Amino acid sequence: MAKLLYQGHGSYRITSDNGIVVYVDPYAGEGYDVPADLVIVTHEHSDHNHTELVRLKEGGVIIRHADLHKKNYSIYNYKNIIIEGVPAMNAHHNPDDCVGFIMDIDGIRIYGAGDTSYFEGMQYFKNLDYAILPTDGIYNMDMAEASKVADLLDTKYAIPVHMAPGHLFDKEKVKAFKTKKALVLQPGQEITLGA
C-alpha cells in the first residue's frame, strides 16, 4: 500500500506500493534521499518550490502549477498515478498562479490543497480518503476554517500542514484543528495510506 511521509511545513512524500515516489512542494524537513519519479509544485513561492532538494530518477518529471492549470485544469497520468489539477486561491494566492490536486494512487484518493482558503468548489470533491490542508491563518485558512473545510469535504481523514511559516510544525497551534477527521502527523512521521 502507498505510504506518506510528512516532512514538515507543506512538504510531503508519497510512495506507491510498486515504488513510484512523488514529492509535493519540496522545501522543509528531511527525507529527500529517495530519488523521485514525480515532483509536484503547487505554486512558485519559495517555501514550496525547492526542486533542487530532489534527485529525479531517469524519466522523472517535475509538474508545476502551470502544467496542472492549463485548459481549465489538466489531468496527468504517470504510470497509473492520476493527478488532477483543482483550484487553490485566497487573498495571498492568485488562482492563476496556484493549484491544488486530487491524486489517485494505489486505490487511494488524496486531495493536496496547496495554499488555499475555502472556496465553493471544494464541496464537489468526492470520494476522498485524505485531505491535506494548510492551516497557518496568515497566508491560508486558519485552524478553525480548516476544521470546517475538513468537515465539509467528502474525506475520511484530514491532515493539517503549513501551520507556522518558518517552522516545520506547531504542536500548540495544531490543538485547534477540531474535526473528527483529524489525522495529525509530526515531521518525519510516515504512515501507510488506507491502513
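Keep in mind that what you see is a predicted model, and the values were worked out from it rather than measured.

Quick question: what am I supposed to make of the overall build of the protein chain here?
Each helix and strand in the protein chain was counted, giving 2 helices and 12 strands. Beginning at the N terminus, the succession of helices and strands in the protein chain can be written as β-β-β-β-β-α-β-β-β-β-β-α-β-β. Relative to the 2.2 N^0.38 estimate, which gives 16 Å for 195 residues, the radius of gyration of the protein chain is 15 Å and therefore close to what a compact globule would have. Each principal axis of the C-alpha atoms in the protein chain carries an extent, and together these give about 40 × 35 × 30 Å. Within the protein chain, contacts between residues at least 6 apart in sequence are counted, and of these 49% link residues at least 24 apart. Summed over its atoms, the accessible surface of the protein chain is roughly 8800 Å², and 50% of this surface lies on carbon and sulfur atoms.

Hey, could you run me through the sheet that holds strand E9 (residues 108-112) in this one?
What holds strands together in a sheet is hydrogen bonding between their backbones, with the strands either parallel or antiparallel. Read from one edge of the open sheet, 6 strands run E6-E7-E8-E9-E10-E11, paired in mixed fashion. Pairing within the sheet leaves two strands with one partner each, and these edge strands are strand E6 (75-78) and strand E11 (155-161). When the angles between neighbouring strand axes are averaged without regard to direction, this sheet yields 20°. By the bridge criterion, 3 bridges tie E9 to strand E10 (residues 128-134) in an arrangement that is parallel. Of the residues in E10, the one forming a bridge with glycine 112 is isoleucine 132. Taken strand by strand, helix H2 (residues 143-152) contacts E10 and E11, and its axis lies near 165° from that of E10.

Please explain H2 as it appears in this structure.
Those residues of H2 that fall on the buried side of the exposure criterion are Met143, Ala146, Ser147, Val149 and Ala150. One face of H2 carries all of its buried residues, which in axial projection span an arc of 160°. Of the surrounding elements, those touching the buried residues of H2 are E10 and E11. Two or three places before alanine 144, at the opening of H2, aspartate 142 has a side-chain oxygen 3.2 Å from that residue's backbone nitrogen.

Would you mind showing me how to read the sheet that holds strand E5 (residues 56-64) here?
Spatially, the 6 strands line up as an open sheet ordered E5-E4-E3-E2-E1-E12, and their pairing is mixed. In the strand order of this sheet, the two ends are held by E5 and strand E12 (190-192), each with one partner. Across this sheet, the average inter-strand angle for adjacent strands is 15°, counted without regard to direction. Where strand E3 (residues 21-24) and strand E4 (residues 36-41) come together, 3 bridges link them in parallel fashion. For valine 24, the partnering residue across the bridge sits in E4 and is isoleucine 40.

Please explain the pattern of salt bridges as it appears in this structure.
Pairs can form between side chains of opposite charge once their charged atoms are near each other. Applying the stated criterion across every chain, the model contains 7 salt bridges. The salt bridge partner of glutamate 172 is lysine 175, with a shortest N-O separation of 3.1 Å. Pair check on accessibility: glutamate 172 and lysine 175 agree, each one exposed. Linked through salt bridges whose partners overlap, the residues forming this network are Arg13, Asp33 and Glu190.

What is the right way to read the pairing of strand E1 (residues 3-8) from this model?
Regular strands show a simple pattern: their side chains alternate between the two faces of the sheet. The buried fraction of E1 amounts to 5 of the 6 residues, a majority that puts the element mostly inside the structure. As paired elements, E1 and strand E2 (residues 11-15) share 5 bridges and run antiparallel to each other. Residue pairing for E2: leucine 5 is matched across the bridge by arginine 13. Hairpin connection between E1 and E2: a loop of 2 residues separates the two successive antiparallel strands, and histidine 9 in this loop has a positive phi of roughly 50°.

Before we go on, may I ask you to explain the packing of aromatic side chains in this structure?
Both the distance between ring centres and the angle between the ring planes are used here to describe each pair of aromatic rings. Enumeration over the complete set of coordinates arrives at 4 aromatic pairs. Following the ring pairs from residue to residue traces out a cluster consisting of Tyr111, Phe119 and Phe125.

Thresholds applied
Residues numbered from 1 in each chain as written. Predicted model: local features only at pLDDT ≥ 70, side-chain atom pairs only at ≥ 80, totals over all residues. Heavy atoms only, no water. Helix = DSSP H or I, 4+ residues; strand = E, 2+ residues; numbered from the N terminus. Rg over C-alpha atoms; globule rule 2.2 N^0.38 Å. Contact = heavy atoms within 4.5 Å. Areas by Shrake-Rupley, 256 points an atom, 1.4 Å probe, with all protein chains shown as cover. Pairing = 2+ DSSP bridges. Axes fitted to C-alpha atoms, helices over the stretch in contact; angles between N-to-C directions. Buried < 20%, exposed > 50% of the residue type's maximum accessible area, 1.4 Å probe, protein only. Arc of directions from axis to C-beta. Polar contact = N/O pair within 3.5 Å; in protein donor to acceptor, adjacent residues only side chain to side chain. Salt bridge = Lys/Arg side-chain N within 4 Å of Asp/Glu carboxyl O. Phe/Tyr/Trp six-rings, centres within 6.5 Å; stacked < 30°, edge-to-face > 60°.

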